[in-house]
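# Notes for the structure review
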Amino acid sequence: MTAPTVRSVETVVDARKGMEGAGLPIRRTLGAVIEMDPFLMLDHFGPVTWGPGQASGVPDHPHRGFETVTYILDGRMEHRDSMGGGAVLNPGDVQWMTAGSGIVHSEMPEKAFLKQGGTLHGFQLWVNLPARLKMTEPRYQDLTAEQTPVAEADGVLARVVAGSALGVRGAVATHTDITYIHYTLQPGASTRLDIPAGHHAGAYVFGGRVKLGAQGVLTGEAQFARFGDGDRVDLTVPEDQSTPAQVLLLAGRPIGEPIARYGPFVMNTYDEIRQAIRDYDAGRMGRIAPAVGAG
Ligand code: FE2
């Protein structure tokens, strides 16, 4: 056995600010200012506070060839899809949707939230699928805040969406090896996470500041740090910080295949993209049934 090597920070980038749909502010890192196979995109949306009737979302649209993972910190969103699935996402809830061969879904504010207004804050991560899984059957996993495993130790709170941290394992079934941890680290706290060598790993900071990697690179809000290779990552919040650090730690085994990408479809070739467009246009990804009742 050789001693584990602590990963160094290779790159730190600032998120690119943008606007999604009708007035949802987003900060995008993966897929905009940095790439990290097997992830395709990381959008941090909000926090944005809407008045009554103002909240916006994304109406019916298709996906094929990858997975979308939505994690809500504040506000309430309603998901509906062409498989007949539907759920309201409340703060702390995670929705792991495998689009696979194709799904149509809508991501809209929940009715009462829309009516009353309020603050929306959360994330959407896109996880790529290897060629052998791109046409897998669509799957939808809904994990409430209570069902999300949490680990706690010495000023460190880890919500384990996928993979494991501090001996606690995530509860979603993933098609590929993915680590997705939300850390809240108090000033002076530190933690480490084993990540198999060869997996890509990075951290998105969305609150406070944290020292990352072997060099202890101080990384702040709306910054994404990509790590080099090694066996583990170290995170430390300096004692002098006045607020806890909020960090999403993402890691996964790289797929290493060609990517052909067109809007909501991510395949290996542009022939497959053209097929996806034909299939969607012909209604082969299904459609969302009209809402039943006034509810
Ligand atoms: Fe979507």
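Residues numbered from 1 in each chain as written. Predicted model: local features only at pLDDT ≥ 70, side-chain atom pairs only at ≥ 80, totals over all residues. Heavy atoms only, no water.

On to the overall build of the protein chain, then. In terms of regular secondary structure, the protein chain is built from two helices and 26 strands. For 295 residues, the compact-globule estimate of 2.2 N^0.38 gives 19 Å, and the protein chain sits close to it at 19 Å. In terms of overall dimensions, the protein chain has C-alpha extents of about 55 × 45 × 30 Å along its principal axes. Every one of the 295 residues in the protein chain was classed for burial, and the buried ones make up 54%. (Helix = DSSP H or I, 4+ residues; strand = E, 2+ residues; numbered from the N terminus. Rg over C-alpha atoms; globule rule 2.2 N^0.38 Å. Buried < 20%, exposed > 50% of the residue type's maximum accessible area, 1.4 Å probe, protein only.)

Strand order in the open sheet formed by seven strands is 2-3-4-11-6-9-12, and the pairing between neighbours is antiparallel. At either end of the open sheet lies a strand with only one pairing partner, and these are strand 2 (16-20) and strand 12 (139-143). Direction aside, neighbouring strands of the sheet carry axes that sit 20° apart on average. With eight bridges connecting them, strand 6 (residues 66-74) and strand 11 (residues 118-128) associate as antiparallel partners. (Pairing = 2+ DSSP bridges. Axes fitted to C-alpha atoms, helices over the stretch in contact; angles between N-to-C directions.)

Before going further, it helps to spend a moment on the pairing of strand 4 (residues 39-50). Counting buried positions along strand 4 yields ten of twelve residues, so the element is predominantly enclosed. Bridge analysis of strand 3 (residues 24-28) against strand 4 gives three bridges, and the strand direction is antiparallel. In the sheet register, R27 faces strand 4, and the bridge partner there is H44.

This part takes up empty space enclosed by the protein. For the structure on display, the rule yields two cavities of 30 Å³ or more. Quantified by volume, the largest cavity comes out at close to 50 Å³. Those elements giving two or more residues to the lining of the largest cavity turn out to be strand 7 (77-81) and strand 10 (103-109). Grouping the amino acids of the lining of the largest cavity by side-chain chemistry returns three nonpolar, three polar and two charged. Its boundaries defined by the atoms lining it, the second largest cavity holds a volume of some 30 Å³. L24, W50, S56, G57, M77, M108, P109 and L120 are the residues that line the second largest cavity. Here the residues of the lining of the second largest cavity are counted per class, giving six nonpolar, two polar and no charged. (1 Å grid on protein atoms, 1.4 Å probe; cavity = no way out; pocket = protein on both sides within 12 Å on 5 of 7 lines; lining within 4 Å. Points joined across faces, edges and corners; volume = space filled by probe spheres on them. Nonpolar A, V, L, I, M, F, W, Y, C, P; charged D, E, K, R; others polar.)

Six octahedral donors at a metal ideally form angles of 90 or 180 degrees, and four tetrahedral donors ideally form angles of 109.5 degrees. Protein coordination at the iron ion: the donors are H61 (NE2), H63 (NE2), H105 (NE2) and E107 (OE), at 2.1 to 2.5 Å from the metal. Around the iron ion, the four donor atoms sit at angles spanning 79 to 174°, and that spread fits a shape best called irregular. Mapped onto the sequence, the donors of the iron ion take the spacing H-x1-H-x41-H-x1-E. E107 carries the same exposure label as H105, and that label is buried. (Donors = N, O, S within 2.8 Å, 3.2 Å for Na, K, Ca; no water. Tetrahedral: all angles 85-135°; square planar, octahedral: opposite > 155°, others 65-115°.)

Now for the packing of aromatic side chains. Considering all chains together, one arrives at five aromatic pairs under this definition. Between the aromatic rings of F123 and Y204, the centroid separation amounts to 6.2 Å while the plane-to-plane angle is 80°, which identifies the pairing as edge-to-face. One end of the pair, F123, is in strand 11; the other, Y204, is in strand 19 (residues 200-207), with 81 residues separating them in the sequence. No difference in accessibility class separates F123 from Y204, as the two residues are buried. By the ring-pair criterion, three or more aromatic residues cluster together here, those being Y71, F123, Y180, Y204 and F206. (Phe/Tyr/Trp six-rings, centres within 6.5 Å; stacked < 30°, edge-to-face > 60°.)

Another aspect to go through is the pattern of salt bridges. Tallying each qualifying case throughout the model produces ten salt bridges. Between E10 and R226 there is a salt bridge whose closest N-O contact spans 4.0 Å. Taken together, the positions of E10 in strand 1 (residues 9-14) and R226 in strand 22 (residues 223-227) put the pair 216 residues apart, joining distant regions of the chain. Classification of E10 by relative accessible area gives exposed; the value is 55%. (Salt bridge = Lys/Arg side-chain N within 4 Å of Asp/Glu carboxyl O.)

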